[in-house]
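Take a look at the letters that make up each chain.
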Amino acid sequence: RASRGRIAMPLRAHEEITAGFLAGCADALACHPVDVVKTQAHVNRGANVPFTQALVAQARAHGLPSLYRGVLPACLRPQALCMYVGYEWSKKAVCEDAKKMTTREAFAAGWLTAYVESACVTPFETVKVRMQTKENMSRYASSLGCAREIARTEGMKGLYAGFWPTCLRNNVFNSFYFGTIHYCKDEYLSAPDSLVEQAAQNVGVGIIAGLVATVFKMPFDILKSRMQGQVPNASGALEYPTMMEAAVRIFRNEGVGAFYKGTGVTAARITLGFPVSFVAFEAVASMFENEIR
């Protein structure tokens with residue numbers, strides 16, 4: 001069934017950018033402590049402890065402020081902006097009328113958003129992951145210092161570490177995320193009559209879509225975190241120089257289960273974060289359009 005029309009006028013470029021940026025900031029500020037634990041679970045070679053135990057251990061070992069290490073690049077990265085604005089633009093590329101977009105076209109539009117998004121966010125992601133990794137707690141004093149050090153010693157290649165797994169992660173996640181949201185809204189939900197009902201719908205479908213998408217994107221997320229969290233040794237060599245070498249080494253040394261390390265905390269991060277960013281984007285967009293989306 002074709003999607004019901006809900007948008008009176010398309011957002012103007014500056015309105016899309018504003019909504020996307022504010023959505024990203026809301027997501028980062030609300031969920032960063034969970035994100036720190038998630039990243040550490042991804043790069044850990046051994047068994048992970050439960051989330052609350054990991055959170056308390058991090059705070060005790062490095063102080064409460066350590067739960068917000070890397071929050072600056074998390075706020076500044078244009079991920080939500082590229083993701084949601086990119087989706088609005090990708091819808092125009094996959095169908096003639098976005099109001100009549102099918103679920104299959106929604107999956108395709110979500111997939112297309114990943115390329116520009118990954119090119120824009122990877123340097124921010126690299127700095128964020130370096131700041132969050134336990135092994136780097138004493139190496140980098142601040143996000144700006146971390147960015148300068150990576151640029152000085154590793155160049156653009158260092159800042160774009162893990163680009164391809166980042167891209168594939170975003171391909172898979174965005175496709176299942178937006179596709180699932182479209183399917184749920186199209187098949188099961190009626191048009192909202194108020195902002196409260198709109199928010200309730202968006203939170204519900206955001207959680208469902210985020211959990212579905214997380215299952216499929218986990219292996220690429222692990223590869224991304226491992227490649228971005230590593231620091232070159234004295235000779236400049238890396239443990240994971242390429243995505244394929246990283247995948248083979250992780251499989252040989254840790255087994256297939258390693259590609260799903262931290263799935264629980266990742267699901268929690270998605271459950272908390274993406275509804276926040278989705279609701280924020282939709283709320284700001286509705287204010288610009290003066291209409292319930």
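As the structure is a prediction and not an experimental result, all values here were calculated from the model.

Calculation rules
- Residues numbered from 1 in each chain as written.
- Predicted model: local features only at pLDDT ≥ 70, side-chain atom pairs only at ≥ 80, totals over all residues.
- Heavy atoms only, no water.
- Core = buried A, V, L, I, M, F, W, Y, C linked by side-chain atoms within 4.5 Å.
- Buried < 20%, exposed > 50% of the residue type's maximum accessible area, 1.4 Å probe, protein only.
- Helix = DSSP H or I, 4+ residues; strand = E, 2+ residues; numbered from the N terminus.
- Contact = heavy atoms within 4.5 Å.
- Salt bridge = Lys/Arg side-chain N within 4 Å of Asp/Glu carboxyl O.

(A) Representation of the nonpolar core. Formed by 28 residues in total, the largest nonpolar core has its most connected members in Tyr84, Phe173, Tyr177, Phe274 and Phe281. Secondary structure elements with two or more residues in this core: helix 1 (13-43), helix 4 (79-94), helix 5 (103-112), helix 8 (163-188), helix 9 (195-229) and helix 11 (263-289). With 7 residues, helix 11 is the largest single contributor of residues to this core. Discounting chain neighbours no more than four positions away, the residues touching Tyr177 are Met83, Tyr84, Gly206, Ala209, Gly210, Ala213, Phe274 and Phe278. In terms of nonpolar packing, the next biggest core, distinct from the first, is built from 11 residues, Met218, Leu223, Met227 and Ala246 among them.

(B) Looking closely at the pattern of salt bridges. A complete count under the given rule lists 15 salt bridges for this structure. Taking the shortest distance from any N to any O, the salt bridge between Arg269 and Asp27 comes out at 2.8 Å. Highlighted residues: Arg269 in helix 11 and Asp27 in helix 1, separated in sequence by 242 residues. In this pair, the class of Arg269 matches that of Asp27, namely buried.

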